[in-house]
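Each chain, written out:
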Amino acid sequence: MSSPSKRREMDVMKLMMSDYNVETINDGLNEFNVKFHGPKESLYEGGVWKIRVELPDAYPFKSPSIGFVNKIFHPNVDELSGSVCLDVINQSWSPMFDLLNIFEVFLPQLLLYPNPSDPLNGDAASLMMKDRKQYDQKVKEYCERYAKQEDITKSTADNETDDDDITDEETGSSDDEIAGHADP
């Protein structure tokens, strides 16, 4: 490989030529979304997620940033940001790995074998350790509610309009508020 940019192109093209639907952002190869299906024979089977991928300039020597766009209930995925806690991506990344590894091995393994002892979602981790049956039910409920084909289509439109829909009441601020209290 002569340069990181050629490797980036090759890895993204390999992902596009596989069975994954890849949607580039801003017509570049640094940011894109990938349609990801929950692994067969798992609680997430039947779910469809949009995964946001951001490749740093130093890719493949530096790991990509990976996050779920639509909601998922999982101990190792932050419910609000969608960030993923996965050692192989965050700490032990190697240039030997490519984007296909993430979608064919790392993410399916994450969903099949959650690690509640290293959580990003404390509620999911706690529920998984205390009441596995209720945890399983909540995972399936999230899949039904947030992980259908129409949800990944809708999540793009929502992200584009979210900022415009926030009012002063929702943010808890207004021009009439005073920044601090006067000393008595």
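This text follows the structure it describes.
Residues numbered from 1 in each chain as written. Predicted model: local features only at pLDDT ≥ 70, side-chain atom pairs only at ≥ 80, totals over all residues. Heavy atoms only, no water.

The next point concerns the packing of helix 4 (residues 122-130) against helix 5 (residues 132-146). As a packed pair, helix 4 and helix 5 sit with axes 6 Å apart at the nearest point and diverge in direction by 135°. Judged on the interaxial angle alone, helix 5 and helix 4 are oblique. In this structure, helix 4 contributes Ala-124, Leu-127, Met-128 and Lys-130 to the contact, and helix 5 contributes Arg-132, Gln-134, Tyr-135 and Lys-138. Among the residues forming the contact of helix 4 with helix 5, the class breakdown is 4 nonpolar, 1 polar and 3 charged. (Axes fitted to C-alpha atoms, helices over the stretch in contact; angles between N-to-C directions. Helix = DSSP H or I, 4+ residues; strand = E, 2+ residues; numbered from the N terminus. Parallel < 35°, antiparallel > 145°, perpendicular 65-115°, else oblique. Contact = heavy atoms within 4.5 Å. Nonpolar A, V, L, I, M, F, W, Y, C, P; charged D, E, K, R; others polar.)

Attention shifts here to helix 5. In an α-helix, one turn spans 3.6 residues, which is why side chains three or four residues apart end up on the same side. Taking 1.5 Å of rise per residue, the 15 residues of helix 5 would be expected to cover 21 Å, and the 21 Å separating its terminal C-alpha atoms lies within 8% of that figure. Of the surrounding elements, those touching the buried residues of helix 5 are strand 3 (48-54) and helix 4. (Expected span 1.5 Å × (residues − 1).)

What follows deals with the environment of Val-139. By secondary structure assignment, the location of Val-139 is in helix 5. Judged by its relative accessible area of 0%, Val-139 falls in the buried class. Along the backbone, Val-139 and His-74 are 65 residues apart, and their C-alpha atoms lie at a distance of 7.3 Å. Setting aside chain neighbours within four positions, we find Val-139 in contact with Leu-43, Tyr-44 and Phe-73. (Buried < 20%, exposed > 50% of the residue type's maximum accessible area, 1.4 Å probe, protein only.)

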